[in-house]
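Overview (structure and organization)
Residue-level listing of the chains:
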Amino acid sequence: MNGYAEEQPQAAQEQIQIPQGPTNQPNILVRNLNRDETTFHLSGVDMAYANSLRRTMMADVPTLAIDQVSFYQNTSPIPDEMLAHRLGMVPLISRDVGKGLRYTRDCDCDEGCYYCMVTLRLKVSAVNREYGSPMAVTSDMLEVIPSPNTPQQSPYGPPPDIGEEERELIAHHDPELGVPVGKGDPTASPIQLARISRGQEIEVVCKAYKGIAKHHAKWSPLSAVAYEYDPYNKLRHTDYWFETDAAAEWPLSANANFETPPNPNEPFDFNAVPSTYYMTAESVGSVPVRSVFEQACDIMVENLAQVILAVQQETGVDEDEIGEGEGIVEPGMGMNGGEYGGGYDQNGGGYDQWNGGGGGGGGGGPGWAGTGMSPLRR
Ligand SMILES: [Zn+2]
C-alpha cells in the first residue's frame, strides 16, 4: 500500500508477528483476550472499516436492560425516577440474547412475555432495622422471577403446542439470562442502588427488554471500545499542543513498540494511509467480549447486505448483470491507499473549482481544473 506500511514488520518486539502487507484482506492479531477485555491489532483495512467495527460493537449488539419499573413501595430517600434510572443502568447477563429473546416490538404479547422479556423483582425492607445503621440496597438483591407465558418446566421438553420459532428461542434461552452481572460472585462488588434506614422499604417489579445502544446507552455491551493508529503520528493526523517540546510532553503509547520509529530525514509521504489499528474493547460483563466481536461481524455483514439490496432495488441492477469495474464496489476496491490519498487531493481541487465555476473566475484548483464542472455536479 505504501512505504510506511511495508516497513512495519521489523517491529521492536520480535516475538509478535504483526499481520501486514499490501492486502485488502482484514487481518487480526489478538494480543490479549479474556472474558471482559480484549486488545487486538486489526490491519489490512481502511479506517472506515475499523470505525464501523468499533461502532457496531458499541451500538448494534443487543443486550438486556431494565426498561420499565413498577413501584409498589418506595419510602427510601431516592425518588422513583432516579431509582428507575439506576435500575436501568445495571448490567444484566445477556449471553445469546440475539437468538434467545425477541424484541418486544416483534412479539405478539401485550405487556411482555417469556419470549421477549425478563422480569426482576427488588423487595427490601429495613422496617425492623436498628436506628443509625442504614442498609445498602444493591444490584445483588434483584431476583429474576418468571415472566408471563413461561413454558412449564418438563423433563419431556417444551409443550407440543408451541411453534418452531418459540422452540428456537427456548433452546437459546440462557438459564442465567437477566441475572445482574456479578451476583453471587464474592470477588465482584455489587452496584449500590440506594441506602435505606429503619422504617424504609422498596418493592419494585422491573421489566427488562432486549435492546441496542443506538436507542439507549444502557444496552451497550461495552463500557469502552477504542482504537489507536499511527502512534508515532507519522501521518500527521494529530497536531500536538505543547509548551516547549512536543516529544517530551507527549509520551509514546505502548502501541509504539509495534511500529518502526520515524526517520527524521525521510520526506513526508502524503499518500500514506493508516494500516494497523490497535483496538481495545472492555465489556460491562453482560456479554463476553469475544461474543460481542463475533456478533458485530455478523451484524456488519447483514447491514452491508441491506445496503447492497437497497442499491439494487433503487437502480434496478442485478449484481449478476454488473460488468467488471462498474456498479457495486467490492469491499476493499476503491478504498485502498493510493485512491484514498488521491481522494483528499481531489477534494481540495473540487472546492477551488466550485468557487471558480460559480463566480466565473477565480481559477480552478488542481485535479478538476478545466473540466468546467464541480465534482459535485458531474
Ligand atoms: Zn412477548
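As the structure is a computational prediction, the values presented were derived from the model and not from experiment.

A word on the overall build of the chain. Scanning the chain from N- to C-terminus turns up eight helices and ten strands. Within the chain, the fraction of its 378 residues that count as buried is 26%. A sequence separation of at least 24 residues applies to 72% of the contacts in the chain between residues at least 6 apart.

Below, the discussion takes up the nonpolar core. Membership of the largest hydrophobic core comes to 58 residues, with the highest contact counts inside it found for M57, I66, L92, L120, C206, A208 and V292. Residue assignment places this core across two domains, with domain 1 (27-58 + 223-261 + 269-314) and domain 2 (64-148 + 162-217) each supplying three or more. With residues up to four places along the chain from it excluded, the contact list for V292 reads M57, V61, P221, L222, A281, S283 and V287.

Let us now look at the sheet that holds strand β2 (residues 37-43). Judged by pairing direction, the sheet is antiparallel, and its four strands sit side by side in the order β1-β2-β10-β9 without closing on themselves. Edge strands, defined here as strands with exactly one partner in the open sheet, are β1 (27-33) and β9 (222-229). Here the strands of the sheet are splayed against their neighbours by 20° on average, with no regard to which way each runs. Of the strand pairs in this sheet, β2 and strand β10 (residues 276-283) are connected by seven bridges, and their pairing is antiparallel. By the bridge assignment, T38 is partnered in β10 with A281. Helix-sheet contacts for helix α2 (residues 47-59) involve β2, β9 and β10, and the interaxial angle to β9 is about 170°. On the sheet, helix α7 (residues 289-315) packs against β1, β2, β9 and β10 and is oriented at approximately 125° with respect to β10.

The next thing to look at is the environment of P26. Mapped onto the secondary structure, P26 falls in the loop between α1 (3-7) and β1. Ignoring any residue separated from it by four or fewer positions in sequence, one finds P26 in contact with L42, G44, V45 and Y49.

Take P262: it is sitting in the loop between α6 (246-249) and β10. As for P262 and N233, which are separated by 29 residues in sequence, their C-alpha atoms are 8.9 Å apart.

Attention shifts here to the sheet that holds strand β3 (residues 63-74). Pairing in this open sheet of four strands is antiparallel, and the strands run β3-β8-β4-β6 from one edge to the other. Lying at the two open borders of the sheet, with one neighbouring strand each, are β3 and β6 (143-145). The mean inter-strand angle of the sheet, taken between neighbouring strand axes irrespective of direction, is 30°. The strands touched by helix α3 (residues 80-88) within the sheet are β3 and β8 (201-211), with β3 carrying the most contacts at an inclination of about 150°.

It is worth spelling out the confidence of the model for the chain at this point. Of the residues in the chain, 76% have a pLDDT of 70 or more, and the chain-wide mean is 81. Note on residues 1-15: pLDDT under 50 across the span, and 32 contacts to partners over four residues away in sequence or across chains. pLDDT under 50 marks residues 329-378. Its contacts with residues more than four places away, or in other chains, come to 55 contacts.

Let's shift gears to unusual backbone geometry. Although it is not a glycine, D230 sits at a positive phi angle of roughly 50°. Considering the arrangement of structural elements, one finds D230 in the loop between β9 and α6. Accessibility expressed as a C-beta count within 10 Å gives 22 for D230, which makes it buried. Here the phi dihedral of R236 falls at roughly 60°; this positive angle occurs in a residue that is not glycine. With respect to the element layout, R236 can be found in the loop between β9 and α6.

A few words now on the packing of α2 against α7. The interhelical angle for the contact between α2 and α7, taken along N-to-C directions, is 115°, at an axis separation of 9 Å. It follows that α2 is roughly perpendicular to α7 by the angle criterion. When you trace α2 past α7, the crossing you get is right-handed. From α2, S52, L53, T56 and M57 reach across to α7, where they touch V292, F293, A296, I299 and M300.

Parameters at a glance
- Numbers given for residues are sequential positions, taken from 1 along each chain in its written order.
- Where local features are concerned, this predicted model is filtered to residues with pLDDT of at least 70; where side-chain atom pairs are given and counted, the filter is 80 or more; whole-chain, interface and lining totals use all residues.
- For the purposes of this entry, the term helix denotes a DSSP run of H or I that reaches at least four residues, the term strand denotes a run of E that reaches at least two, and both are numbered from the N terminus.
- Between the buried cut of 20 or more and the exposed cut of 12 or fewer other C-beta atoms within 10 Å of a residue's own C-beta lies the partly exposed class, and all C-beta atoms are placed from the backbone.
- Contact between two residues is assigned whenever their backbone-derived C-beta positions fall within 7 Å.
- Among buried residues, those of type Ala, Val, Leu, Ile, Met, Phe, Trp, Tyr and Cys that are joined through C-beta atoms within 7 Å form a set called a nonpolar core.
- Residue ranges assigned to each domain were obtained from an automatic or database domain assignment.
- Two strands make a pair as long as DSSP finds a minimum of two bridges between them.
- Helix axes are fitted to C-alpha atoms over the stretch in contact, other axes to C-alpha atoms as well, and angles between N-to-C directions run from 0 to 180 degrees.
- Confidence of the predictor in every single residue is expressed as pLDDT, which spans 0 to 100.
- Roughly parallel means an angle under 35 degrees; roughly antiparallel, over 145; roughly perpendicular, 65 to 115; everything else is oblique.
- Each crossing gets its hand from how the near helix is turned against the far one by less than a right angle, where anticlockwise is left-handed and clockwise is right-handed.

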